[in-house]
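# Topology and contacts: notes
Listed below, chain by chain, are the residues.
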Amino acid sequence: MKIMEVEGGRTLEGTIRVSGAKNATVALIPAAILTDEEATICNVPEITDTEALCDILRLLNVKVNRASESVVINPQDMVNLEITEEYSNKLRASYYFMGALLGKYKKAVMYFPGGCSIGARPIDLHLKGFEALGAKITTEKNKYIVEAKELHGANIYLDIASVGATINIMLAAVKAKGQTIIENAAKEPEIVNVATFLNNMGAKIVGAGTSTIKIEGVEKLHKCFHEVIPDRIETGTYIIIAALCGKNLRIDNMIPEHVDSLLSKLEEMGANMEVGADYVIISKKDTPYKSTDVKTAVYPGFPTDLQQPFTVLLTQAEGKSKITETIYENRFMHIPYLKKLGADIVLKNQTATLTGPSELKGCEVVATDLRAGAAMVVAGLFASGKTTITNVEHILRGYEQIIEKLTEVGAKISLKEI
Ligand code: UD1
């Protein structure tokens, strides 16, 4: 088991460079099998989720070459095998193989995906989309067999603007016959990045980034070169760390527009920051932050993935602040640990009410899921004394070189095997 130890209360100075987006990468890797030629994807983060997807590619006899920041994927000798429960279970994004295999072979056999336990996270919208395109779905316990004689375009309205369903339907539809229209599509930047990749391979997708995406099916996709966008959740996490511990800490290689909702909240709270074309420089405040209320929402709203790290910042706001989670029903598992560190938080239904500022003191905490783990790192860096975080495998699934990046700017943080 790996643990992280953080000696908090240090001031962080220098530059943190943001890595490629996890949530784009995890869709781009499965998407690459839609061509029979080679795809080169660069700015790929070295995180365990990326490795888990490359393992699935290898299972399907796809050639994968990892060189520094890029991955070269060659599916020339690929075989369409069942993706076993062990592989499907390793991460949420394994579900993108359902859409990609269906799009390529008209058949996918795999199991219910894994991922963080932050709610029920059904995949009904993905399956409804596949059915609309002509697939038949058979389930045996956790196993899904998705098969079509022919895939044809369809008009698909998503009841919820789901990121996963939008991308998965795009993957299944790029080679279907005729036109597919996805209405109430999710608008996250990762969707635009995946659509750009597919278009670079010869797909005909318009409207990604809006709530209506139109896909004109094509017969063949070809080789391409593509770059992953910067990770907006990693960006946001480091911005929050800077707001608590930074002295002119520069978060670099990021897209400010992708974290607009966070930046406007920080401005409202009175943060010291300078926003540039592809960077933010931010320093902690000597006086408490102004309190604020936040509600998570689909993009461009405040991201649910930043709710947990942002809660840590709210412990340092004067008076009452509220944070409401609207996307997942079980994304407050960090709250008991923040309380253990000294925060004053009352949790009722989907809203946490914080009264601050609170003195935080290091103690033993648990990374219950990826972003709860990120919240523990943020809290540990700010709190006085030593914080020990267990279950850190969750954190390593999504943050590339987190120890190295934070050490570089002056944090005392280490990873230990026990
Ligand atoms: C993606 C991100 C995750 C982020 C989330 C919301 C990846 C790998 N993960 O997850 O980090 O927190 O978007 O921004 O990109 N839903 C259904 N039925 C479905 C699909 C979704 O009810 O078929 C519900 C979910 O339970 C959830 C909401 O819709 O309540 C949004 O989920 P969705 O956008 O699909 O999230 P993911 O794609 O799983």
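Worth saying up front: this structure is predicted, and the values here are computed from it rather than measured.

## Topic: the overall build of the protein chain
Secondary structure summary: the protein chain contains 14 helices and 24 strands in total. Taking 2.2 N^0.38 as the reference for a compact globule, 418 residues should give roughly 22 Å; the C-alpha atoms of the protein chain span a radius of gyration of 21 Å, in line with that estimate. Oriented by its inertia axes, the alpha-carbon framework of the protein chain measures out at about 65 × 45 × 40 Å. The buried share of the protein chain, taken over its 418 residues, is 58%. Taking as baseline every contact in the protein chain between residues at least 6 positions apart, the subset at least 24 positions apart corresponds to 72%. In the protein chain, 46 side chains carry a positive charge and 51 a negative one; their mean positions are 3 Å apart.

## Some remarks on the nonpolar core
In terms of nonpolar packing, the biggest core is built from 78 residues, with Phe97, Phe130, Met170, Leu171, Phe197, Leu198 and Ile205 touching the most fellow members. Sorting elements by how many residues they give to this core places helix H6 (residues 163-173) first, with seven residues. Every residue in contact with Ile205, bar those within four places of it in the chain, is listed here: Met170, Val174, Ala195, Leu198, Asn199, Ile213, Lys214 and Ile215. Ranked by size, the runner-up nonpolar core spans 70 residues in total, among them Ile241, Leu354, Met376 and Ala379.

## Notes on the domain arrangement of the protein chain
Annotation of the protein chain at the domain level lists domain 1 (2-19 + 230-417) and domain 2 (22-227). Relative placement of domain 1 and domain 2: their C-alpha centres are 30 Å apart. Both sides of the domain 1 and domain 2 interface together cover about 1,900 Å² of buried area, and 51% of this is carbon and sulfur. When the buried area of domain 1 at its contact with domain 2 is split by residue, Tyr299, Arg397 and Glu400 rank highest and sum to 33% of it. On the surface where domain 1 and domain 2 come into contact, there are two salt bridges. Arg397 is the partner of Asp49 in a salt bridge, and the nearest nitrogen-oxygen pair spans 2.9 Å. On the surface where domain 1 and domain 2 come into contact, there are seven residue pairs in polar contact (both at pLDDT 80 or more).

## So, unusual backbone geometry
Here the residue pair Tyr299 and Pro300 is connected by a cis peptide bond, since its omega of 10° sits within 30 degrees of zero. Looking along the chain, the bond that leaves Gly356 and enters Pro357 is cis, with omega of 0°. Note on placement: Pro357 falls in the loop between strand S21 (351-356) and strand S22 (364-366). For Lys141, which is not a glycine, the phi torsion comes out positive at approximately 55°. Within the secondary structure layout, Lys141 lies in the loop between strand S7 (136-140) and strand S8 (143-147). Its identity as a non-glycine residue notwithstanding, Asn184 has a phi of 55°, on the positive side.

How each quantity is defined
Residues numbered from 1 in each chain as written. Predicted model: local features only at pLDDT ≥ 70, side-chain atom pairs only at ≥ 80, totals over all residues. Heavy atoms only, no water. Helix = DSSP H or I, 4+ residues; strand = E, 2+ residues; numbered from the N terminus. Rg over C-alpha atoms; globule rule 2.2 N^0.38 Å. Buried < 20%, exposed > 50% of the residue type's maximum accessible area, 1.4 Å probe, protein only. Contact = heavy atoms within 4.5 Å. Lys, Arg positive; Asp, Glu negative; His and termini not counted. Charge placed at Lys NZ, Arg CZ, Asp CG, Glu CD. Core = buried A, V, L, I, M, F, W, Y, C linked by side-chain atoms within 4.5 Å. Domains from an automatic or database assignment. Buried area = accessible area lost by both parts, 1.4 Å probe. Salt bridge = Lys/Arg side-chain N within 4 Å of Asp/Glu carboxyl O. Polar contact = N/O pair within 3.5 Å; in protein donor to acceptor, adjacent residues only side chain to side chain.

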